[in-house]
Amino acid sequence: MSESVIKLKEVVKGKVWRLKMPMEIAGTTRGDVRFSGSVNSYIVKGRGSNWVIIDTGFYNETGKNAWTTAVRELGLKPENIETVILTHYHSDHTGMSGWFEEWAYAPVYMHSLDIQSYYHEWDSMDENVRCIMEQLRMYGMTGDLAKEVHSQSCLRGAFVKKRQKILAMDENCRFPVCAGELRVLHVPGHTDGQCILIWPEEHIMFSGDLLLPASFAPIGLHFFGDRNPVKTAVHTLSVLPEYDISQLTVLPGHGWAFERPLDRAVDTRNHYLKKADAYYQKCEMGFHSAWEIAVEYVKERGDASGVRSVMWESMAYLEYLCQGGQVFRKTVKEGGQTRFMYYPVNHHRGAGSE
C-alpha cells in the first residue's frame, strides 16, 4: 500500500464492525511514509448502548484519523465504551490504547504475561534499546547494518501512546456483549500472552495474530519472556483441535474473515516447522550466527528495512533448533564480545559448546 486508506465495514449485521487501517512501517529511518499491509480493530455492540473495542491499531496520524472516522460514523461516545480488549501487546494492536485511556476512560484488558511485555517494551525506550542491542550483539550483530537496527529500535516507540493501567485477563474472563459473551483463550507463541476471543453465540473467533488468512505471524526471541517461543507456538497450534472452534468464522487481526480455522492452524504449524528446517539448512551452508543468517535473508530480499525483525526471528529459530537437539551452540569471544555460534550436530563439538 502506498497511501493511507481507512475502511470501516459492518462484518456481522448490527453487531460487529471492522476498522481496517494501513500500517506504517515501524522503524522507517527516511522521512517518507511507507505502508505495509493493514491491521484490524473490531467494534462490537455491547449491552444496551455500550460498545466493546478489540485491539486499537498503531498510534499515529493514521490511527487517530481512523478512530475519528469510526467515532463519527458509528456515533460512539466516550461514556459508552464499556471495555477495550487487547489480544496481544504488539504496537499495531495496542498503540492507541493510551488514546482510549484519555478519551473514554474505559478499562483495558490484556493477558498478564503481555502486560509484563508491554511495560518491558514501552516503560523506558532508552533502556529497551540498550537491552535490544546488547542481546543482538550477543547473537552476532556487527557491521554497518547494526546502525540501521539501532535506528529502527529507537523509532519503535513513536507508534505507541503508552497507557498507565492495564487490567489482567485470563481464561476465566468473560466479557458480556449484545448477545452472549466473549470468552478468552490463551494461545501463546507469537507473544507470551496472546489471546483469542470466542463468541459462541455468534460462532465467531477474534483470532488476533494466531490465525491469519494469507500470511503467518512472525515469531521472535526477545531479551525478556519465553526462551523458546517457536516451540510454544507449535504446541499451541497442535492442541487447538481440543477446543470447539472448527465451525467458527475467524475475524483476524490482519486480512479478511475466513472459515475452517483448524485447517489454517495446520497450515500455520507446518509453516513454522518448514521455516525451522530452512534455518537448519542455512547452518549447514555455513551461516553460523543469527546475524549471519539475518543478513543473508536481508540480501535475498533486497530490503534492509526489516533487518531487526529478521534478526529476532533468526534468534528464535536457532534457539528452537538448539533446544531440540538439531544444532549445538558454541560461545566464543571476539574482541571482548561474547557471541553465540550454532552448528549442526554432525559437526565436531569444540570447546565452549553447550
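Everything here concerns the structure above.
As a starting point, this report considers the structure included with it.

## Overview of the overall build of the protein
So, point 1. In terms of helices and strands, the protein carries 10 helices and 14 strands.
So, point 2. C-alpha atoms of the protein, sized along the principal axes, occupy 70 × 45 × 35 Å.
So, point 3. Within the protein, the proportion of its 354 residues that are buried is 56%.
So, point 4. For the protein, the accessible area works out to roughly 15200 Å², and carbon and sulfur atoms hold 49% of it.

## Re the nonpolar core
General note: in soluble globular proteins, nonpolar side chains tend to be found buried as a group.
So, point 1. Grouped together as the largest cluster of nonpolar side chains are 57 residues, with contacts concentrated most on Leu240 and Met311.
So, point 2. If you list the elements that add at least two residues to this core, you get helix H5 (125-138), helix H6 (145-155), strand S10 (195-199), helix H7 (229-239), helix H8 (261-284), helix H9 (290-301), helix H10 (307-323) and strand S14 (337-344).
So, point 3. Beyond its immediate sequence surroundings of up to four residues, methionine 311 is in contact with Leu136, Tyr139, Met141, Ala290, Trp291 and Ala294.
So, point 4. Ranked by size, the runner-up nonpolar core spans 34 residues in total, among them Phe58, Ala66, Leu74 and Trp122.

## Looking at the packing of H5 against H10
So, point 1. In contact at an axis separation of 11 Å, H5 and H10 are set at 55° when each is read in the N-to-C sense. By the criterion of interaxial angle, the relationship of H5 to H10 is oblique. When you trace H5 past H10, the crossing you get is left-handed. Along the contact surface, H5 presents Ile132, Gln135 and Leu136, while H10 presents Met311, Trp312 and Met315.

## Let's talk about the environment of isoleucine 43
So, point 1. Position of isoleucine 43 among the secondary structure elements: in strand S3 (residues 35-45).
So, point 2. Of the residues examined, isoleucine 43 reaches a relative accessible area of 0% and is grouped as buried.
So, point 3. With 247 residues separating them in the primary sequence, isoleucine 43 and alanine 290 have C-alpha atoms 40 Å apart.
So, point 4. Residues in contact with isoleucine 43, not counting those within four places in the same chain, are Leu8, Lys15, Val16, Trp17, Leu19, Trp51, Val52, Ile53, Trp67, Ala70, Leu74 and Leu76.

## Overview of unusual backbone geometry
So, point 1. Unlike most non-glycine residues, histidine 203 shows phi in positive territory, near 55°.
So, point 2. At arginine 260, a position not held by glycine, the phi torsion is positive, near 55°.
So, point 3. Classification of arginine 260 by relative accessible area gives exposed; the value is 59%.

## Let's talk about the packing of H7 against H8
So, point 1. The N-to-C vectors of H7 and H8 enclose an angle of 155°; their axes lie 9 Å apart at closest approach. Judged by the inter-axis angle, H7 sits roughly antiparallel to H8. Relative to H8, the crossing made by H7 is left-handed. Between H7, through Ala233, Val234, Leu237 and Ser238, and H8, the contact on the second element is made entirely by Ala265, Thr268, Arg269, Tyr272 and Leu273.
So, point 2. Class assignment of the residues belonging to the contact of H7 with H8 gives a composition of 6 nonpolar, 2 polar and 1 charged.

## A look at the side chain of serine 207
So, point 1. Assignment of secondary structure puts serine 207 in strand S11 (residues 204-208).
So, point 2. Here leucine 211 takes part through its backbone oxygen, which lies 2.9 Å from a polar atom of the side chain of serine 207.
So, point 3. The contacts of serine 207, once residues within four sequence positions are left out, are Gln194, Ile196, Val250, Leu251, Pro252 and Gly253.

## Quick word on the pairing of S11
So, point 1. Burial analysis of S11 places 5 of its 5 residues in the buried class, the great majority of the element.
So, point 2. Along S11, one buried face is formed by Ile204, Phe206 and Gly208 and the opposite face, lined by Met205 and Ser207, is buried too.
So, point 3. Two elements, S10 and S11, share 3 bridges in a ladder whose sense is antiparallel. Bridge pairing in S11 links isoleucine 198 to methionine 205.
So, point 4. Connecting S10 to the next strand, S11, in antiparallel fashion are 4 residues, including histidine 203 with a positive phi near 55°.
So, point 5. This β-α-β element, S11 to H7 to strand S12 (residues 249-252), shows right-handed connectivity.

## So, the sheet that holds S10
So, point 1. Ordered in space as S8-S9-S10-S11-S12, the 5 strands form an open sheet in which the pairing is mixed. The open sheet is flanked by strand S8 (174-176) and S12, the only strands paired with a single partner. Pairs of neighbouring strands in the sheet enclose a mean axial angle of 25°, with direction left out of account.

## Focus on the pattern of salt bridges
Opposite charge on two side chains allows them to pair when their charged atoms are near.
So, point 1. Counted according to the given criterion, the structure contains 17 salt bridges.
So, point 2. In this structure, the salt-bridge partner of lysine 161 is glutamate 102, at a minimum N-O distance of 3.2 Å. One end of the pair, lysine 161, is in the loop between H6 and strand S7 (167-169); the other, glutamate 102, is in helix H3 (residues 97-103), with 59 residues separating them in the sequence.
So, point 3. In this structure, the salt-bridge partner of lysine 162 is aspartate 123, at a minimum N-O distance of 3.3 Å. With lysine 162 in the loop between H6 and S7 and aspartate 123 in the loop between helix H4 (112-122) and H5, this pair connects stretches of sequence that are 39 residues apart.
So, point 4. Accessibility expressed as a relative area gives 25% for lysine 162, which makes it partly exposed.
So, point 5. One salt-bridge network, held together by shared partners, links Glu127, Arg130 and Glu134.

Parameters at a glance
- Residues numbered from 1 in each chain as written.
- Predicted model: local features only at pLDDT ≥ 70, side-chain atom pairs only at ≥ 80, totals over all residues.
- Heavy atoms only, no water.
- Helix = DSSP H or I, 4+ residues; strand = E, 2+ residues; numbered from the N terminus.
- Buried < 20%, exposed > 50% of the residue type's maximum accessible area, 1.4 Å probe, protein only.
- Areas by Shrake-Rupley, 256 points an atom, 1.4 Å probe, with all protein chains shown as cover.
- Core = buried A, V, L, I, M, F, W, Y, C linked by side-chain atoms within 4.5 Å.
- Contact = heavy atoms within 4.5 Å.
- Axes fitted to C-alpha atoms, helices over the stretch in contact; angles between N-to-C directions.
- Parallel < 35°, antiparallel > 145°, perpendicular 65-115°, else oblique.
- Left-handed = near helix turned anticlockwise from the far one by under 90°.
- Nonpolar A, V, L, I, M, F, W, Y, C, P; charged D, E, K, R; others polar.
- Polar contact = N/O pair within 3.5 Å; in protein donor to acceptor, adjacent residues only side chain to side chain.
- Pairing = 2+ DSSP bridges.
- Right-handed = clockwise from strand over helix to strand, strands pointing away.
- Salt bridge = Lys/Arg side-chain N within 4 Å of Asp/Glu carboxyl O.

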